[in-house]
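# A closer look at the structure
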Amino acid sequence: MNSNKGPKQVASLASKLVDPILAKRVGMTTALIAAWPEIVGPDTAKQSRPIKIKWPPRASDGEFQPGTLIVATNAMAALHLQHETGEVIERVNTFMGYSAIKAVKIEQRPAPARSTKMAMPTRPLTKGDTAKIDNAVKPVESERLQKALKAMGEGVMRERRR
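Residues numbered from 1 in each chain as written. Predicted model: local features only at pLDDT ≥ 70, side-chain atom pairs only at ≥ 80, totals over all residues. Heavy atoms only, no water.

### As for the nonpolar core
With 18 residues, the main nonpolar core has Trp36, Ile39, Val40, Leu69, Val88, Val92 and Ile101 as its most contacted residues. Among the secondary structure elements, those contributing two or more residues to this core are α2 (30–40), β2 (67–73), α5 (85–96) and β3 (101–108). Per-element accounting of this core gives the leading share, 5 residues, to α2. Beyond its immediate stretch of four places on either side in the chain, Val88 contacts Trp36, Ile39, Val40, Leu81 and Val104. (Core = buried A, V, L, I, M, F, W, Y, C linked by side-chain atoms within 4.5 Å. Buried < 20%, exposed > 50% of the residue type's maximum accessible area, 1.4 Å probe, protein only. Helix = DSSP H or I, 4+ residues; strand = E, 2+ residues; numbered from the N terminus. Contact = heavy atoms within 4.5 Å.)

### So, the pattern of salt bridges
Under the counting rule described, the total for this entry stands at 4 salt bridges. In this structure, the salt-bridge partner of Arg91 is Glu87, at a minimum N-O distance of 2.4 Å. Residue Arg91 and its partner Glu87 are both found in helix α5; the two are separated by 4 residues, about one turn of the helix. Under the relative-accessibility criterion, Arg91 is labelled partly exposed at 36%. In this structure, Glu107 and Lys105 form a salt bridge, with 4.0 Å as the shortest nitrogen-oxygen distance. By relative accessible area, Glu107 is classed as partly exposed at 25%. Several salt bridges converge on common partners, so that one network encompasses Lys105, Glu107 and Arg109. (Salt bridge = Lys/Arg side-chain N within 4 Å of Asp/Glu carboxyl O.)

### With respect to the sheet that holds β2
Strand pairing in a sheet relies on backbone hydrogen bonds, with the paired strands running either antiparallel or parallel. If you walk across this open sheet you meet the 3 strands as β1-β2-β3, and the pairing is mixed. For this open sheet the edge positions go to β1 (48–54) and β3, each flanked by a neighbour on one side alone. Within the sheet, the average angular offset between the axes of one strand and its neighbour, ignoring direction, is 25°. Pairing between β1 and β2: 6 bridges, direction antiparallel. Within the sheet, the bridge partner assigned to Ser48 lies in β2 and is Thr73. This element, α5, spans β1, β2 and β3 of the sheet and lies at about 120° to β3. (Pairing = 2+ DSSP bridges. Axes fitted to C-alpha atoms, helices over the stretch in contact; angles between N-to-C directions.)

### As for the side chain of Asn93
Within the secondary structure, Asn93 is located in helix α5. With a relative accessible area of 13%, Asn93 lands in the buried category. Here Asn93 is in contact with Tyr98, Ser99, Ala100 and Ile101, once residues within four sequence places are set aside.

### A word on the confidence of the model for the protein chain
Summary statistics for the protein chain give a mean pLDDT of 76 and a share of 71% for residues scoring 70 or more. When the criterion is pLDDT under 50, residues 18–26 qualifies, and its contacts beyond four places in sequence or with other chains add up to 15 contacts. Taken together, the stretch residues 115–119 has pLDDT below 50 and engages in 3 contacts with residues farther than four places along the chain or on a different chain. (pLDDT = per-residue confidence, 0-100.)

As structure tokens, then:
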């Protein structure tokens, strides 16, 4: 068997999985909402909620453009969130596994109450889960794709552990 066939197959499979998501410009996910306390911290999360991701119009060349995360928050958390915008963008993009967000728009309004489904805590991954993900992405040559696949795998494993 050709030694390059494995990584190419994994990269091809990853493209088939990721490309439709990017093409459809998927907005808010339950995983992002559930991870909000980890992204902004528990105190800010109690006073804010991600509402949606507003995607820019598609470019004529079809190239993906990052969107704007719209967050509802009360006045108490708005100032804090505004000062932490850069870090929030970085953490959301790390969570998503790609540069999905370029800006955060803060809307001062009562944050919607969390449903019981969203309030479920995220269980940490086991060493076995982490090893399984690491082994699955190891053949991928592109470090950037490997990082994105690892983040996606961690999200899937966390969803399964609920």
